[in-house]
Amino acid sequence: MENRIGIGYDIHRLVEGRKLILGGVEIPYIKGLFGHSDADVLLHAICDALLGALSKGDIGEHFPNTDEAYCNISSLELLKKVIKLVENEGFKITNIDTVVIADRPTIGPFKNQMRQTICKTLKIDFEDINIKATTQEGMGFGGGASAIAAYAIALLQK
């Protein structure tokens with residue numbers, strides 16, 4: 001039995017005129033995340049954790065922000081492509097642990113919906129993913145409300 005661990009991190013700034021998508025879920029807020037795709041930092045961190053566990057580079061190598069094919073794409077579609085790589089390498093996800101860092105908006109009420117969406121996309125059990133949320137106490141990201149970041153760790157088993 002072979003186990004592989006990967007870590008992922010992503011951060012995007014908040015801007016007006018975009019929907020806020022986290023964990024594949026639209027969260028009502030006055031701002032959204034700026035990026036080439038939907039800028040879902042949680043899914044991007046998960047993609048990077050899975051790619052890292054496979055030693056397959058990072059999300060930017062697989063889905064470059066210079067490729068128009070990925071302009072405004074749902075990060076759920078990127079995650080589907082990454083899980084195909086995991087499956088093609090003969091691995092399965094044992095578990096994923098994540099943390100979202102945002103002073104605003106409050107993420108807590110949406111965590112279970114995010115978990116359900118991610119579980120459905122990755123074809124894993126609800127217990128196989130954890131989403132935590134924390135703030136920077138108004139200190140980080142230019143005062144605390146100008147960006148959202150996420151970390152993810154994934155354990156794969158062959």
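Caption draft 1: The arrangement of the sheet that holds strand β1 (residues 3-15) in detail. Spatial strand order, β4-β1-β7-β5-β6: 5 strands in an open sheet with mixed pairing. Two strands bound the open sheet, and with one partner strand each, they are β4 (32-33) and β6 (129-134). Relative to strand β7 (residues 147-157), strand β5 (residues 92-101) runs antiparallel, the two being bridged by 9 bridges. When the bridges of β7 are listed, Val100 appears paired with Ala150. The sheet contacts of helix α4 (residues 111-122) involve β5 and β6, and relative to β6 the element is tilted by about 145°.

Caption draft 2: Local environment of the layout of surface pockets. Reported here for the largest pocket is a volume of approximately 250 Å³. What lines the largest pocket is a set of 16 residues, among which His12, His44, Ile59, Phe63 and Asn65 lie closest to the centre. Looking at the lining of the largest pocket, the elements that each hand over two or more residues are β1, α1 (41-54) and α2 (59-62). Among the elements that make up the lining of the largest pocket, the one with the highest residue count is β1 (3 residues).

Caption draft 3: Local environment of the pairing of β7. Across 11 bridges, the pairing between β1 and β7 is antiparallel. From the neighbouring strand, Tyr9 faces β7, where its bridge partner is Tyr151.

Caption draft 4: View of unusual backbone geometry. Backbone torsion omega between Arg104 and Pro105 reads -5°, so that peptide bond is classified as cis. Relative to the elements of secondary structure, Pro105 occurs in the loop between β5 and α4. Phi at Ala39 is positive, roughly 65°, even though this residue is not glycine. With respect to the helices and strands, the residue Ala39 is situated in the loop between β4 and α1. In this structure, Asn72 is a non-glycine residue whose phi angle is positive, near 60°. Given the relative accessible area of 53%, Asn72 is considered exposed.

Caption draft 5: Region of interest: the nonpolar core. Core analysis: the largest hydrophobic core is formed by 47 residues, its most contacted members being Leu22, Ile46, Leu50, Met114, Ile118, Leu122 and Ile148. Non-local contacts of Ile118, meaning those with residues more than four positions away in its chain, are made with Gly23, Leu42, Leu43, Ile46, Leu79, Ile129 and Ile131.

Caption draft 6: Representation of the side chain of Asp38 within the structure. You can see Asp38 is positioned in the loop between β4 and α1. It is Arg18 that comes nearest to the buried, bridge-free Asp38 among opposite-charge side chains, at 6.1 Å. Engagement of the side chain of Asp38 in a polar contact is seen with the side chain of Ser75, the distance being 2.5 Å. Among all residues touching Asp38, those that are not within four sequence positions of it are Arg18, Ile21, Leu33, His44, Asn72, Ile73, Ser74 and Ser75.

Parameters and conventions
- Residues numbered from 1 in each chain as written.
- Predicted model: local features only at pLDDT ≥ 70, side-chain atom pairs only at ≥ 80, totals over all residues.
- Heavy atoms only, no water.
- Pairing = 2+ DSSP bridges.
- Helix = DSSP H or I, 4+ residues; strand = E, 2+ residues; numbered from the N terminus.
- Contact = heavy atoms within 4.5 Å.
- Axes fitted to C-alpha atoms, helices over the stretch in contact; angles between N-to-C directions.
- 1 Å grid on protein atoms, 1.4 Å probe; cavity = no way out; pocket = protein on both sides within 12 Å on 5 of 7 lines; lining within 4 Å.
- Points joined across faces, edges and corners; volume = space filled by probe spheres on them.
- Buried < 20%, exposed > 50% of the residue type's maximum accessible area, 1.4 Å probe, protein only.
- Core = buried A, V, L, I, M, F, W, Y, C linked by side-chain atoms within 4.5 Å.
- Lys, Arg positive; Asp, Glu negative; His and termini not counted.
- Salt bridge = Lys/Arg side-chain N within 4 Å of Asp/Glu carboxyl O.
- Polar contact = N/O pair within 3.5 Å; in protein donor to acceptor, adjacent residues only side chain to side chain.

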